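Structure at a glance
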Amino acid sequence: MPDKTQAPATSLALLLDSGTFVPEPVSAHPHTSLHSSFMAALRVQRTLLNRAVKLRVAPLCQRRGIHSSAETPLGTLPHTTVPLTAKLDFFNSVNGGRIPTYRVLDGDGSVLEDAVEPEIDRELGRRLYEQMSLLPALDNLLYNVQRQGKISFYMTSYGEEASIIGSAAALNQADEVLGQYREMGVLLWRGFSLASVMNQCLGNSGDTCSKGRQMPVHFGSPEHHFHTISSPLATQIPQAAGVGYALKRMRRDNIAVCYFGEGAASEGDFHAGMQLASTIPAPVLFFARNNGFAISTPAAEQYHGDGLASRGPGYGIDTVRVDGNDVLAVYGAVKEARRRSLEQGRGVLVEAMTYRVGHHSTSDDSFAYRSRAEVEDRKKIDNPHVRLRSYLVSKGWWTPEEDEELKARLKTEVLSAFKAAEKLKRHRLEEMFGDVYGDTEMPWNLKEQKEELARLLQKYGSAWEPWQKELQKYENGGREFTEK
């Protein structure tokens, strides 16, 4: 026979852990004195327990805008803390209004009244500004060389520098980053060199990211914990949930960080990733760059709700909306988001409100769907560089003379790095058949393709001028095929 005195204690522990109110016990064997004593003790325990649960659940309910059963005469849905109501009432917001945007600096770079500045010293403040200034220096050169036909493609970070650099600075260097397209600044913050940037964009023999097989700006670096970028939209979001779960299983004190734009959040992969990170759960920081456009589609046409931040509570994860052009606010918000994600072992969503000043890519002309006046106006009234520079000057950490020197130095360094990379040839031609299958034997279909390429090069490589010129762009001139 089971010990009837033990069952209620187990149930009580489970109920306390789940935050559920304890119901009245069902009477059984009322004529036994032992049972009467037990029932009396259980009623006292139930009363004390319900009081404790109310104290624990009430603040949580208040934060989420719901009420405990003590405050709702109809009580709660069985086995939940969800209050019941006899009034048909639809809702269309999280807190009864628009979600606010966290900000530290105003448009002129002054600290807002009552704002708490994140812990930033002179060295960090200057580094933030220098790294933010490096991005447009790179964008200016690489955008122009694409127009000259020296690289095939490019995407700028104009206008989004504070979101990228501010978030990068708040992360641990060993946090695993899964980026989209505009996160080159995260790599640069972690020590990725200008030479590596140029080598990847040119696809030369110095490209350690993909040996020239990937499109420009599709970076990757195991050394810097930066997963290789892929072109299909939003694929990195569910992958980040898996990476976060792997980190959790490995007991590493790190998180996965997933960058994406608001356009990618329209993909089903966004919801899959959020669901996984909230229910598995997995320590993932989702950083959404809401820059106003998904290529040519404005944000107002992408969703009818209150941006992306309103989706976070639906998945039960902590969420914050931050001014993406305020580098101090981004730094502070991401630092706190990382702490929460690591401690909870669960996803956290950060929506950075910014503006894409540049075209979507070199394949886009944004003035076909927005006016030049709109862009120039945003550059003047909400410039992330001006805001941070003004803040540094007010602290005595920066001067106009240093600003001029920095711009000249960065321009020189970027140009020198490009000229050096431009002189390098591509990887050996035979590299196109390697790496995919690791150390295993090359499959039959690749063997056939490699043999076919060898036959064609031996026949036309020295006889047809276009192929002669093309072969000279590779290390060894393709002789591993032509001289066999």
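1. Notes on the environment of Lys473
Residue placement: Lys473 occurs in the loop between α14 (465–471) and α15 (479–482). Considered as a pair, Lys473 and Lys425 are 48 residues apart in the sequence and their alpha carbons are 5.4 Å apart. If near-sequence neighbours (up to four positions away) are discounted, Lys473 is found in contact with Lys425 and Arg426.

2. What to know about the environment of Glu422
Note that Glu422 resides in helix α12 (residues 400–422). Glu422 gets classed as partly exposed once you look at its relative accessible area, which sits at 37%. For the pair Glu422 and Met198, spaced 224 residues apart in sequence, the C-alpha to C-alpha distance is 8.1 Å.

3. Side note on the sheet that holds strand β4 (residues 284–290)
On the basis of which strands lie adjacent, the open sheet formed by six strands has the order β2-β1-β3-β4-β8-β7 and parallel pairing. A single partner strand is all that each edge strand has here, and the edge strands are β2 (226–227) and β7 (318–323). With six bridges joining them, β7 and strand β8 (residues 348–353) adopt parallel strand pairing. Looking at β8, one finds that Val322 is bridged to Ala352. Its contacts with the sheet put helix α7 (residues 236–249) on β1 (176–178), β2, β3 (256–261) and β4, and the angle it makes with β3 is roughly 170°.

4. Here's the deal with the nonpolar core
The nonpolar side chains of a soluble globular protein tend to be buried, and buried together. With 71 residues, the main nonpolar core has Leu128, Leu138, Leu142, Tyr154, Met198, Phe219 and Leu285 as its most contacted residues. If one sorts the elements of this core by residue count, helix α3 (residues 122–147) sits on top with 12 residues. When near neighbours in sequence (up to four residues on either side) are disregarded, Leu285 contacts Leu171, Ile255, Ala256, Val257, Cys258, Val334, Ala337, Arg338, Ser341, Val348 and Val350. Leu178, Ala234, Cys258 and Phe286 belong to the second-largest nonpolar core, a separate cluster that totals 24 residues.

Analysis parameters
- Residues numbered from 1 in each chain as written.
- Predicted model: local features only at pLDDT ≥ 70, side-chain atom pairs only at ≥ 80, totals over all residues.
- Heavy atoms only, no water.
- Helix = DSSP H or I, 4+ residues; strand = E, 2+ residues; numbered from the N terminus.
- Contact = heavy atoms within 4.5 Å.
- Buried < 20%, exposed > 50% of the residue type's maximum accessible area, 1.4 Å probe, protein only.
- Pairing = 2+ DSSP bridges.
- Axes fitted to C-alpha atoms, helices over the stretch in contact; angles between N-to-C directions.
- Core = buried A, V, L, I, M, F, W, Y, C linked by side-chain atoms within 4.5 Å.

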